[in-house]
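Close look at the chain arrangement
Each chain is listed here by its residues.
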Amino acid sequence: KSFDTQDFILCMDLTNRAMVLNAAKTEAHKAKIFMLRSFDPTLAHIDVTSRQGEELVVPDPWGEDIDSYQRVLGMIELATDGFILALELQSHSAI
């Protein structure tokens, strides 16, 4: 149902992405699936299906020290800033 109501489905790791792709019933549904970090401008060139795809993973800092949480927060902030920029560019090009 999410595929029909959402424009984007953002995945944090490759296992999550694989599960979401398996749930996608059509190519249009699959086109809505992205790795969150693929919106990080420094990682946007990486093909998630390549050997470098692992670089797009947001690691789970559970049980790690505060520095790990801060690194993950930085990753998420860069990616969400890039996502917002992509949405803004998309909305301007639709005008």
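Treat the numbers as computed from the prediction; the structure is a model and nothing was measured.

What counts as what
- The numbers attached to residues start from 1 for each chain and follow its sequence in the written order.
- Where totals are concerned, whole chains, interfaces and linings use all residues; where local detail is concerned, this predicted model gives features only for residues with pLDDT of at least 70, and gives and counts side-chain atom pairs only at 80 or more.
- Neither water nor hydrogens contribute to the side-chain values; these are computed over all heavy atoms in the structure.
- Secondary structure elements follow DSSP: runs of H or I of four or more residues count as helices, runs of E of two or more count as strands, with numbering from the N terminus.
- Three labels apply to residues, based on accessible area from a 1.4 Å probe with only protein chains included: buried if under 20% of the type maximum, exposed if over 50%, partly exposed otherwise in between.
- The charged-residue count follows a simple rule in which Lys and Arg add positive charge and Asp and Glu add negative charge, with His and chain termini not counted at all.
- Criterion for a salt bridge: a side-chain nitrogen of Lys or Arg within 4 Å of a carboxyl oxygen of Asp or Glu.
- Residues adjacent in sequence count toward polar contacts only when both atoms are side-chain atoms; beyond that, a polar contact is any pair of N or O atoms within 3.5 Å, and within protein one must be able to donate a hydrogen and the other to accept it.
- Whether two residues are in contact is decided by their heavy atoms: any pair within 4.5 Å suffices.
- Exposure above 30% relative accessible area and the lack of any salt bridge qualify a residue for a patch; like charges then connect within 9 Å, and the nonpolar side chains Val, Leu, Ile, Met, Phe, Trp and Tyr within 5 Å.
- Computed with the Shrake-Rupley method and a 1.4 Å probe, the accessible areas treat only the protein chains shown as cover for residues.
- Note on terminology: a nonpolar core comprises buried Ala, Val, Leu, Ile, Met, Phe, Trp, Tyr and Cys residues joined through side-chain atoms within 4.5 Å.

With respect to the helices, strands and loops of the structure, Arg-37 is situated in the loop between β2 (33-35) and α4 (66-93). Buried within the structure, Arg-37 lacks any salt-bridge partner; Asp-40 is the closest side chain of opposite charge, at an N-O distance of 4.1 Å. Within the local environment of Arg-37, its side chain forms a polar contact with the backbone oxygen of Glu-55, the two atoms lying 3.0 Å apart. Not counting the four nearest positions on each side in its chain, Arg-37 is found in contact with Leu-43, Glu-55, Leu-56, Val-57, Val-58, Met-75 and Ala-79.

Among the surface-exposed residues, Trp-62, Ile-66 and Tyr-69 lie close enough to one another that they form a single nonpolar patch of about 410 Å² accessible area. Secondary-structure assignment places Ile-66 in helix α4.

Counting twelve residues, the largest nonpolar core is built from Phe-3, Ile-9, Cys-11, Val-20, Ala-24, Ile-33, Met-35, Leu-43, Ile-46, Val-48, Leu-56 and Val-57. Of all the elements in the fold, those that place two or more residues in this core are β1 (9-11) and β2. When near neighbours in sequence (up to four residues on either side) are disregarded, Val-48 contacts Leu-14, Arg-17, Met-35, Gly-53 and Leu-56.

These values are about where atoms sit, not about what they do.
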